[in-house]
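Architecture and fold: a report
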Number of protein chains: 2
Amino acid sequence: MDDSAQKTRTRGSRRTDIRRENEQLILRAAEKVFAEAGFGGATMQLIADMAGLPKANLHYYFATKEELYRRVVEDIFQIWLRAADSFDNAPDPASGIGAYIEAKMRISREHPFGSKVWASEVMHGAPVIQDYLETTLRDWTEGRITAIRRWIDQGQMAPIDPRHLLYMIWATTQHYADFGHQIETLNGGKPLNDRQWQAATDSVKAIILRGIGLSGA
Amino acid sequence: MDDSAQKTRTRGSRRTDIRRENEQLILRAAEKVFAEAGFGGATMQLIADMAGLPKANLHYYFATKEELYRRVVEDIFQIWLRAADSFDNAPDPASGIGAYIEAKMRISREHPFGSKVWASEVMHGAPVIQDYLETTLRDWTEGRITAIRRWIDQGQMAPIDPRHLLYMIWATTQHYADFGHQIETLNGGKPLNDRQWQAATDSVKAIILRGIGLSGA
DNA sequence: AAATTTGTTGACCGGCTGGTCAGGTTGTGG
DNA sequence: CCACAACCTGACCAGCCGGTCAACAAATTT
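Residues numbered from 1 in each chain as written. Chains lettered and ligands numbered in written order. Predicted model: local features only at pLDDT ≥ 70, side-chain atom pairs only at ≥ 80, totals over all residues. Heavy atoms only, no water.

Section: the relation of the copies chain B and chain A
As a reminder, the rule being used: Copy-to-copy superposition: least squares on the C-alpha atoms, limited to residues that have pLDDT of at least 70 in both copies. Residue contacts are defined here by distance: any two heavy atoms, one from each residue, within 4.5 Å place the two residues in contact.
Of the transformation placing chain B onto chain A, the axial shift is 0.0 Å and the rotation is 180°, giving an RMSD of 0.0 Å. Given the turn and translation reported, the copies of this chain are related as if by a two-fold rotation axis. In terms of C-alpha distance to the rotation axis, chain B has Gly-211 of chain B as its closest residue, with the C-alpha 1.8 Å off the axis. In this assembly, 100% of the residues forming the interface of chain B have copies in chain A that are likewise at the interface, indicating an isologous arrangement.

Listed below in structure tokens is the structure:
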């Protein structure tokens, strides 16, 4: 019965543990509720029930609904960006773009709620993360466009518009999270299994890589 | 000042005109508000203001918020399905799939609000149009898969998984509506102009058609 | 022109929402 | 073991929401 956190020594005082754990508990519950009901449809009570805490406790850790929502969206954006590393350190386009597609497909499967919250946020005009779009995302995008253009200039891939290639990758990979319910329905009401996820990833990679003048895996 | 509708003779009695016009006015306003705020975030008051009518008048034409929302979603689905005609009556895959992509890109530009409402509905688990997914959409999808598979068997295109090709077309074309705000931000804050929309359509067609073993336009 | 049906609207209501707060409990440092 | 800080929560509140309704205006029928 002694599940104290003596092992996690550094800063592992009981107090900070409680804070960290409860914040994560609330954030996970919020991510799901925001994804399934939208910001407007989500209620603090619903999130509290999902987290198994009294509503007032939520307001102890997150002052307002907006603040909680902002934290959820920011956390997702970080995961998003980390997947971009697949792109870097790749000398040839086939491996770089291929790995990026695989990473984004993996995220769609492991973080479907986050993907939906992000999609919802952008669809509603990005009221909370507009600054991220204008700074971090824009910089990242321009960097990748330059990289892709270099590959094209070196004759390593077909002369397509890098921007629309990126949009296609984003759209297609995130589709498996955002429209997961539709895909599930068209799959006989059952979620994609391991084999089907692999087939989806292979199909996306095959079409896109061949579409930009590469042979594929 | 006499804008009476005497020309539209058949069933153009003043009364039915009023009903038809007000319903359309409300539906257009509702489409925009639902798209920008989500179902939960939208309020009847907001829709009423957007339509320039008192709130009580909305409830005269549409009993509940759910009923109004359902009509909006159903209308979009019809537009969606009509674009599918591009697929039919096309003997070869390049023209059939190419025309379908063009039609869906056109819809994304002309009905961005509708596309967002549809996306939102599916993301939230399709509480309103689940039956459409299980019947109409499923039948349509199976039919197209069969058609594509026939093209593959006849050696007219590469042996890709037709299902994931359809998902890619849906995802990519609808992305330009659903994530229009993000695309606009990455375009210097300005919406895509005619030339840019054409470039986007051409890029999508080029990558996908080459990706499935066709030369493109 | 009377009667009837259809359209219009301000005022109102119960219920739910995000958020507050006082008072209690638990952990921590001295 | 005491004092203080962090944590917890039931009860409460003002404001907004979807929806109702009675009373009225306009069109249509008879």
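Regarding the protein's contact with DNA strand C
Heads up, the rule is: The nearness test applies per residue and asks whether one of its heavy atoms lies within 4 Å of the molecule or strand. Strands here mean DSSP runs of E at least two residues long; helices mean DSSP runs of H or I at least four residues long; both are numbered from the N terminus. Residue polarity follows a fixed list, in which Ala, Val, Leu, Ile, Met, Phe, Trp, Tyr, Cys and Pro are nonpolar, Asp, Glu, Lys and Arg are charged, and the others, Gly among them, are polar.
The local shell around DNA strand C holds 20 residues, among which Arg-14, Lys-55 and Lys-65 of chain A together with Tyr-60 and Tyr-61 of chain B are the closest. Counted by atom, the contact set of DNA strand C within 4 Å of the protein is 61% sugar and phosphate. The set of elements that each furnish at least two residues to the surface near DNA strand C consists of helix 1 (14-41), helix 3 (55-61) and helix 4 (65-83) of chain A together with helix 1 (14-41) and helix 3 (55-61) of chain B. Of the residues that constitute the surface near DNA strand C, the class distribution is eight nonpolar, five polar and seven charged.

Some words on the nonpolar core
This is how it is decided: Among the buried residues, those of types Ala, Val, Leu, Ile, Met, Phe, Trp, Tyr and Cys that are joined through side-chain atoms within 4.5 Å form a nonpolar core. Type-normalised accessible area, obtained with a 1.4 Å probe on protein chains alone, sets the label of each residue: buried when under 20%, exposed when over 50%, and partly exposed for intermediate values.
With 137 residues, the main nonpolar core has Trp-118 and Leu-165 of chain A together with Leu-165 of chain B as its most contacted residues. What Trp-118 of chain A contacts, discounting residues up to four positions off in sequence, is Val-73, Ile-76, Phe-77, Trp-80, Ile-129, Leu-133 and Gln-174 of chain A together with Phe-179 and Gln-182 of chain B.

Quick word on the environment of Ile-26 of chain B
With respect to the helices and strands, the residue Ile-26 of chain B is situated in helix 1. With residues near it in sequence (within four places) discarded, Ile-26 of chain B still touches Ile-47, Ala-51, Leu-53, Leu-58, Tyr-61, Phe-62 and Leu-68 of chain B.

Thoughts on the protein's contact with DNA strand D
For clarity, the cut-off: Each polar contact in these results corresponds to two N or O atoms within 3.5 Å; when the atoms are within protein, one needs to be able to donate a hydrogen and the other to accept it, and residues that are neighboring in sequence are counted only if both atoms are side-chain atoms.
Close to DNA strand D lie 20 residues; Tyr-60 and Tyr-61 of chain A together with Arg-14, Lys-55 and Lys-65 of chain B are nearest. Of all DNA strand D atoms lying within 4 Å of any protein atom, the proportion belonging to sugar or phosphate reaches 63%. One of the side-chain N or O atoms of Tyr-60 of chain A is found 2.5 Å from a phosphate oxygen in DNA strand D. Lys-55 of chain B is positioned such that a nitrogen or oxygen atom in its side chain is 2.7 Å from a base oxygen of DNA strand D. Every element with two or more residues in the surface near DNA strand D is listed here: helix 1 and helix 3 of chain A together with helix 1, helix 3 and helix 4 (65-83) of chain B.

Digging into the UniProt feature "domain: HTH tetR-type" (unreviewed entry) in chain A
The following threshold applies: UniProt positions are given in the numbering used here, feature names are shortened, and annotations may be inferred rather than shown by experiment.
Per the UniProt entry, the sites bearing "domain: HTH tetR-type" (unreviewed entry) are residues 20-80 of chain A in this numbering. As annotated, residues 20-80 of chain A has a helix share of 87% and a strand share of 0%, and its two end C-alpha atoms lie 22 Å apart.

Here we look at the interface of chain B and chain A
What counts is decided by this rule: The quantity reported as buried area is the accessible area (1.4 Å probe) lost by two parts once they are put together, taken as the sum for both. A pair is scored as a salt bridge if a Lys or Arg side-chain nitrogen falls within 4 Å of a carboxyl oxygen belonging to Asp or Glu.
In this assembly, 53 residues from chain B lie in contact with 53 residues from chain A. Together, Met-123, Leu-186 and Ile-207 of chain B form the three largest contributors to the area buried by chain B at its contact with chain A, with a combined 17%. Summed over the shared surface of chain B and chain A, the number is zero salt bridges. Taken together, chain B and chain A are joined by 17 residue pairs in polar contact (both at pLDDT 80 or more). Among the secondary structure elements, those contributing two or more residues to the side of chain B that touches chain A are helix 1, helix 6 (112-123), helix 7 (130-153), helix 8 (162-178), helix 9 (180-186) and helix 10 (194-211) of chain B. The biggest single contributor to the side of chain B that touches chain A is helix 8 of chain B, with 12 residues. For the side of chain B that touches chain A, a count of residues per class yields 26 nonpolar, 19 polar and eight charged.

Focus: the packing of aromatic side chains
Geometry of an aromatic ring pair is reported as the spacing of the ring centres plus the angle between the planes. Basically, it comes down to this: A pair of aromatic rings is counted whenever rings of Phe, Tyr or Trp (Trp by its six-membered ring) have centres within 6.5 Å, and the orientation is called stacked for planes under 30 degrees apart, edge-to-face for over 60 and tilted otherwise.
Inspection of every chain in the model, using the stated rule, returns 30 aromatic pairs over all chains. Consider the rings of Tyr-176 of chain A and Tyr-167 of chain B, whose centres lie 6.1 Å apart with planes at 75°: the pair is edge-to-face. Residue Tyr-176 of chain A is located in helix 8 (residues 162-178), and its partner Tyr-167 of chain B is located in helix 8; the two belong to separate chains. Taking relative accessible area as the criterion, Tyr-167 of chain B reaches 2% and is therefore assigned buried.

Section: the UniProt feature "DNA-binding region" (unreviewed entry) in chain A
Feature annotation in UniProt assigns "DNA-binding region" (unreviewed entry) to the following positions: residues 43-62 of chain A. In this annotation, residues 43-62 of chain A is assigned 75% helix and 0% strand; the end-to-end C-alpha distance for the span is 14 Å.

Details of the pattern of salt bridges
By the definition in use, this model includes 10 salt bridges over all chains. Among the salt bridges present, the one from Glu-23 of chain A reaches Arg-19 of chain A, with a minimum N-O distance of 3.4 Å. Highlighted residues: Glu-23 of chain A and Arg-19 of chain A, both in helix 1, separated by four residues, approximately one helical turn. For Asp-194 of chain B, the salt bridge goes to Arg-109 of chain B, with nearest N and O atoms at 2.7 Å. On the criterion of sequence distance, the pair formed by Asp-194 of chain B in helix 10 and Arg-109 of chain B in helix 5 (residues 93-110) is long-range, its members being 85 residues apart.

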